[in-house]
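The primary structure of each chain is shown beneath.
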Amino acid sequence: MDRLCQSFKNLHRTTQPKTTMLVVLVTLIAALLLVASPLLRPYHSSSTHRHARNPSLVSPPHLIIKNACTNTLYPSLCFTTLLSPPPPSENVTTSLHYILELTINRTIKKVATTMLSVVGLFTGQDLNSQEKNALNDCTDMLEQTLYELRQAINDLHKFPSSRGSRHRLYGNIKTLLSAAMTNENTCIDGFADLEECNFKGRKDLKEYLQGLLTPISHMISNCLAMIKYMETINRKVTVIKNRPRLNNMPEDDFQNSWTMKSSDRKMREITHERRPNVVVAKDGSGKHHTIQEAVRMAPNRSSHRFVIRIKAGTYRENVVIPREKVNIVFVGEGMNSTVITGSKNFVDGFSTFTSATFTVVGDKFIARDLTIKNTAGPQKHQAVALRVNSNAAFYRCKITSYQDTLYAHSLRQFYRECTIQGTVDFIFGNAAAVFQNCIILVRKPNPGQNNMITAQGRQDPNQDTGISLHNCTIVAAPDFTEAERANFSTFLGRPWRNHSRTIVMESYLGDLIHPQGWHRWNKYSTLDTVEYIEYMNYGPGSNTSGRVNWAGYRRNCSERVARQFMVASFLHGADSWLESTGFPLSDAPQNKTGSHELSSLSSPAKNTKPPRKRTTMYTGVGKT
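None of the values given here were measured: they were computed from a predicted structure.

Draft legend 1. Geometry of the state of the cysteines. Here the structure, examined in full by the defined rule, presents two disulfides. Covalent S-S linkage joins C69 and C78, the inter-sulfur distance amounting to 2.1 Å. Looking along the S-S bond of the C69-C78 disulfide, the torsion reads about -70°, which is the left-handed sense. For the pair formed by C69 and C78, the shared burial category is buried. The side chain of C138 participates in a disulfide bridge whose partner is C187; the two sulfur atoms lie 1.9 Å from each other. Because the torsion about its S-S bond is 85°, the bridge between C138 and C187 counts as right-handed. Of this pair, C138 sits in helix 5 (residues 129-157) while C187 sits in helix 6 (residues 166-196); the two residues are 49 residues apart in sequence, bridging distant segments of the chain. In this pair, the class of C138 matches that of C187, namely buried. Between C397, a free cysteine, and C418, which holds the nearest cysteine sulfur, the sulfur-to-sulfur gap is 4.9 Å. Looking at C418, it has no disulfide partner, and the nearest cysteine sulfur is the one in C438, 4.8 Å off.

What follows is the structure, given as structure tokens:
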């Protein structure tokens, strides 16, 4: 992402994040245990890729396998993955279900053996600290891939016999598989960053890892294609009042599926009405002085919300919500009062992935009324404020840095009434992420840089990921003056991968937006396969007459298409994690735009009008 890394070339970093021989041994043991897990049924041990280039060597496949594999992007690999045919069954759906489970299980085995090869690089190669850091990221991502694939297997085992609930379970499995595929890209990205900086290290590591990880990505891609094929057979969508509803589900039931769980109905008043489980305070008035200490003391894999109240103050620490810390809630005392700040960055030796001030991996995380900052500054290039690898929701939070501010890495994410500011690719990643009623502030970049608001990283056409900016306000930051803006171009985004997907709808676009709107990124994407949409925007930057002429760009779309990128369709999961937050959210085009007054952000041009107020829905469908 515009890697201007001259100051990094002579860097000698003396610290490493966490890799020790003990961790390596634990990883080896964990990988072996996963291979031997009961989840993995005993099948023939034929190599997955021995005949990948010659499918004629494979026995004539079962008709269902043939149909399933023919619909994938990598059919030869699909056939060789499924060397053992499924047991006879008169139920096509059951057989496809079995084939998908078999394919995921064999992908798990491939990931486990690949992780052993990657871990072996720590002891078998002469690596410098930056290369070890990048390999650390790879092992983390492979571990996360194993976790997400096993979660997908668990969801498959929950499949109901009736068809009424399958849509949600299919959606959840697609989300997990999409995240698992994203992890492999993240591993390669770390070495690509070093390569772009002309880093003096081993030049063959990236190619070697690509050789190891590409088959995994292709196997996961085949799983996603199978689910799409299963959906074409099983899912019936009925349209009532121009809104799709699921499998003849009554309209009232569709609305009720978006109501809050009774135990969480007071979440939106949590700051005052709900007693926190623990309080963090800099002045000693709470149980803990640091946020990380409170996270460490939280229960593992909790089935209930664990609320951490963070009193006003500036907390200079890099906070991590690890995978085992589920259902954690952060409640600050206001985005101008509770501040979490750090300064890790790429130039000082941290990978983009590990530079985050605040990292969320634990599932079903919620935060509200606080600020997350990376203070490294534009000269330090990649410096992430917030990285999220989980289902998470943020309400009235401020997220601020320069390059790569918000890393919406994977899974489902919701940002409501947040303020996000940065310069280059400052909202990026491959989550399914909705930003609703947010303020997007563009800052002054380094000389020679262009501002890119988004960089979405969807790699496969069957991934259910993308960035949706809905009813947002996109303007210059107060300190990015009109005179300075004349020297820099600002674009709504650029495609990070071949199937990058971003929609900007019903949003106010300030006068700093370049007439072309979007910028190409030749290294990463082909412009005929991306999906970029603008819908019902307004303001001086919303004129689409001079926009790019990419095959994958649309100046407008139908309301039906726009609904696909709103909360209910884009983020709704099998376990109702989002609606239980109690955050306000909107789930329909209003044909009314804006929700923020510009006067407090920057001075709008004289020929523009401030955004109009709009109605708000608090549980997704029912109005308050």
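Draft legend 2. Inspection of the sheet that holds strand 13 (residues 406-408) at higher detail. Pairing within the open sheet is parallel, and its seven strands lie in the order 6-9-11-13-16-19-22. Of all strands in the sheet, those with a lone pairing partner are strand 6 (319-321) and strand 22 (490-493), marking the two edges. With strand direction ignored, the average angle separating the axes of adjacent strands in the sheet is 10°. In this sheet, strand 16 (residues 424-429) lies alongside strand 13 in parallel orientation, the contact comprising two bridges. Bridging across to strand 16, L406 finds its partner in I427.

Draft legend 3. Focus on unusual backbone geometry. In the Ramachandran plot, D404 falls in the positive-phi region, its phi being about 60° despite a non-glycine side chain. Take D404: it is sitting in the loop between strand 12 (392-400) and strand 13. In this structure, E506 takes a positive phi of about 50° despite not being glycine. Assignment of secondary structure puts E506 in the loop between strand 23 (501-505) and strand 24 (508-509).

Draft legend 4. Region of interest: the side chain of K174. Tracing the sequence through the fold places K174 in helix 6. In this structure K174 touches L224, I227, E231 and D464, once residues within four positions along its chain are discounted.

Draft legend 5. Looking closely at helix 7 (residues 205-234). For helix 7, with 30 residues, the first-to-last C-alpha span of 44 Å sits near the 44 Å given by 1.5 Å per residue. At L213, helix 7 shows its largest bend, some 30°, and a proline, P215, comes one to four positions later. With 21 of 30 residues buried, helix 7 is to be regarded as a mostly interior element.

Draft legend 6. The arrangement of the packing of helix 5 against helix 7 in detail. Put simply, helix 5 and helix 7 touch, their axes get as near as 13 Å, and they point 10° apart. Between helix 5 and helix 7, the angle is such that the two are roughly parallel. The interaxial crossing formed by helix 5 with helix 7 has left-handed handedness. Judged by residue contacts, E131, L135, C138, L142 and T145 of helix 5 engage L205, L209, L213, I216 and I220 from helix 7. The residue inventory of the contact of helix 5 with helix 7, partitioned by class, reads eight nonpolar, one polar and one charged.

Draft legend 7. Quick look at the packing of aromatic side chains. Evaluation of the coordinates by the stated rule reveals 14 aromatic pairs. Their ring planes at 0° and their centres at 5.4 Å tell us that F330 and F358 sit as a pair that is stacked. One end of the pair, F330, is in strand 7 (residues 328-331); the other, F358, is in strand 9 (residues 358-360), and 28 residues separate them in sequence. In this structure, F330 and F358 share a single accessibility class: buried. Ring centres of F330 and F365 lie 5.2 Å apart, and the angle between their planes is 80°; this geometry places the pair in the edge-to-face category. Note that F330 is positioned in strand 7 and F365 in strand 10 (residues 365-374), a separation of 35 residues in sequence. Residue F330 is classed as buried on the basis of its relative accessible area of 0%.

Conventions we followed
- Positions within a chain are numbered from 1, following the residues in the order the chain's sequence is written.
- Residues qualify for local features only when their pLDDT is at least 70, as the model is predicted, and side-chain atom pairs are given and counted only at 80 or more; totals for whole chains, interfaces and linings, by contrast, use all residues.
- Only hydrogens and water are set aside; all other atoms, that is, all heavy atoms of the structure, feed into the side-chain values.
- By convention in this document, the label disulfide applies to cysteine sulfur atom pairs within 2.5 Å.
- Exposure categories follow from relative accessible area, calculated using a 1.4 Å probe and restricted to protein chains: below 20% of the type maximum is buried, above 50% is exposed, and the middle band is partly exposed.
- Going along the chain from the N terminus, every DSSP run of H or I of four or more residues is numbered as a helix, and every run of E of two or more is numbered as a strand.
- When DSSP locates at least two bridges between a pair of strands, those strands are taken to pair.
- To obtain each axis, a line is fitted to C-alpha atoms, and for helices this fit is confined to the stretch in contact; angles are then taken between N-to-C directions over 0 to 180 degrees.
- Note on contacts: a residue pair qualifies if any of its non-hydrogen atoms lie within 4.5 Å across the two residues.
- One less than the number of residues in a helix, times 1.5 Å, gives the span that helix is expected to have.
- The quantity called bend is, for any residue, the angle between two axes fitted respectively to the seven residues ending at it and the seven beginning at it.
- In what follows, roughly perpendicular refers to angles from 65 to 115 degrees, roughly parallel to angles under 35, roughly antiparallel to angles over 145, and oblique to any angle outside these ranges.
- For any helix crossing, the convention is left-handed if the near helix is rotated counterclockwise from the far helix by under a right angle, and right-handed if that rotation is clockwise.
- Residues were grouped as follows: Ala, Val, Leu, Ile, Met, Phe, Trp, Tyr, Cys and Pro as nonpolar; Asp, Glu, Lys and Arg as charged; and all remaining residues, including Gly, as polar.
- Pairs were defined over the aromatic rings of Phe, Tyr and Trp, the Trp ring being its six-membered one, requiring ring centres within 6.5 Å. Orientation was assigned from the angle between planes: stacked under 30 degrees, edge-to-face over 60, tilted for the rest.

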